[in-house]
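Chain residues, written in single-letter form:
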Amino acid sequence: MDDFMFLLISVYIVFIICIIRGIYLKLNFFKGKGLCLDCNPDSPIADAIYEYVVVEDGEEVKYKSEGTTFGYPRKGKEYKVLINNNDHTKVVGYSQYVFCWIFAAFLLLCMIVVVFL
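In this report, the structure presented in the accompanying data block is examined.

Procedures and definitions
- Residues numbered from 1 in each chain as written.
- Predicted model: local features only at pLDDT ≥ 70, side-chain atom pairs only at ≥ 80, totals over all residues.
- Heavy atoms only, no water.
- Phe/Tyr/Trp six-rings, centres within 6.5 Å; stacked < 30°, edge-to-face > 60°.
- Buried < 20%, exposed > 50% of the residue type's maximum accessible area, 1.4 Å probe, protein only.
- Helix = DSSP H or I, 4+ residues; strand = E, 2+ residues; numbered from the N terminus.
- Pairing = 2+ DSSP bridges.
- Axes fitted to C-alpha atoms, helices over the stretch in contact; angles between N-to-C directions.
- Contact = heavy atoms within 4.5 Å.

### Section: the packing of aromatic side chains
Applying the stated rule across the entire model yields six aromatic pairs. Measuring from centroid to centroid gives 5.9 Å for Tyr24 and Phe29, while their planes differ by 75 degrees, and the two rings are edge-to-face. Residue Tyr24 is classed as partly exposed on the basis of its relative accessible area of 36%. A residue is classified by how much of its surface remains accessible, and Phe29, at 9% relative accessible area, is buried. Centroid distance Tyr94 to Tyr97: 5.6 Å. Interplanar angle 45 degrees. Geometry classified as tilted. You can see Tyr94 and its partner Tyr97 sitting in helix α2 (residues 94-116), three residues apart, about one turn around the helix. Judged by its relative accessible area of 17%, Tyr94 is buried.

Next up, the structure:
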């Protein structure tokens, strides 16, 4: 019984962390398009360098920044990215945002199955 409670509490904590991370990304970042200039194709969690354009004070400003993404990004392809509202040099791959919500839904499903079985 102690192992079961430990597992259930651990899953619940990871679930809360995923929800908090997803809400943080939703509130503090906005969607944009970024061109992948370089990445490490050997790792599923890659640090890719993106080039993207942000409109500031009516002018288009081009940024080049490194951001973490899940999956295998390819050089020269355009991807959805999340750009920080306050500091436009901070960028995160959109796949990280999607992964937070999908993983949280999976953990919720696991908790429901475990509790009712």
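### As for the sheet that holds strand β2 (residues 45-56)
The antiparallel open sheet is built from five strands, whose spatial order is β3-β2-β1-β4-β5. Sheet topology places β3 (59-70) and β5 (91-93) at the edges, where each strand pairs with a single neighbour. Strand-to-strand twist of the sheet, defined as the mean angle between neighbouring strand axes without regard to direction, takes the value 45 degrees. Sheet topology note: the strand β1 (residues 29-38)/strand β4 (residues 78-84) ladder contains seven bridges and is antiparallel. Each bridged residue has a counterpart across the sheet, and for Lys33 the counterpart in β4 is Lys80. Most of the contacts of helix α1 (residues 2-28) go to β1, to which it runs at about 95 degrees, and overall it touches β1, β4 and β5. Across the sheet, α2 lies against β1, β3, β4 and β5, angled at about 60 degrees from β5, the strand it touches most.

So, to be careful, I would describe these as geometric facts and stop short of saying anything about function.
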